[in-house]
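The lines below spell out each chain.
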Amino acid sequence: GFLRLVTAEGHLLTPKDSLEAAGIRDGDHLTAIYRKALVSSTARAFALCCSGDDQIVTWGDGGYGGDSSQVQDLLRSAQQMQSSDR
């Protein structure tokens, strides 16, 4: 799974945020939220989704599902994912 950090003010930190850049100081409180990762694969591609997220990330051979750039808007409302042979 993955952890996401939230500040006491409710600001969700991204993995790219450093604590310093986010303005976190010594003594500030953070909440860690655990998110379950779901992974699906074909022979040449993978897909990753985290529960509570609205994005599915794919990589690998485009002919086997590794390129989802054309359908990212459709994937935002996906509730499950499953792989097939092609």
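Our structure is the block above this text.
A brief look at the structure comes next. (Residues numbered from 1 in each chain as written. Predicted model: local features only at pLDDT ≥ 70, side-chain atom pairs only at ≥ 80, totals over all residues. Heavy atoms only, no water.)

## A few points about the side chain of T7
Within the fold, T7 resides in strand β1 (residues 2-7). The buried category is assigned to T7, whose relative accessible area is 8%. If we skip the residues at most four places from it in the chain, T7 touches L13, I24, H29 and L30. (Helix = DSSP H or I, 4+ residues; strand = E, 2+ residues; numbered from the N terminus. Buried < 20%, exposed > 50% of the residue type's maximum accessible area, 1.4 Å probe, protein only. Contact = heavy atoms within 4.5 Å.)

## Section: the pattern of salt bridges
Tallying each qualifying case throughout the model produces one salt bridge. Ionic pairing is found between D61 and R44, a salt bridge with its closest N-O pair at 3.8 Å. Of the two residues, D61 is situated in the loop between β5 (56-60) and α1 (72-75) and R44 in the loop between β3 (37-41) and β4 (45-50); the sequence distance between them amounts to 17 residues. Judged by its relative accessible area of 31%, D61 falls in the partly exposed class. Judged by its relative accessible area of 48%, R44 is partly exposed. (Salt bridge = Lys/Arg side-chain N within 4 Å of Asp/Glu carboxyl O.)

## What about a nonpolar patch on the surface?
The grouping of V39, F46, V57 and W59 at the surface amounts to a nonpolar patch, some 370 Å² of accessible area in total. Relative to the helices and strands, F46 resides in strand β4. By relative accessible area, which is 37% here, F46 ends up partly exposed. (Patch = residues over 30% accessible without salt bridge, like charges linked within 9 Å, V, L, I, M, F, W, Y side chains within 5 Å. Areas by Shrake-Rupley, 256 points an atom, 1.4 Å probe, with all protein chains shown as cover.)

## Side note on the side chain of T58
Inspection of the secondary structure puts T58 in strand β5. Within polar-contact distance, the side chain of T58 engages the backbone oxygen of G66 at 3.4 Å. At 2.8 Å, the side chain of T58 and the side chain of S68 are in polar contact. Residues within four places of T58 in sequence aside, it is in contact with F46, A47, G65, G66, D67 and S68. (Polar contact = N/O pair within 3.5 Å; in protein donor to acceptor, adjacent residues only side chain to side chain.)

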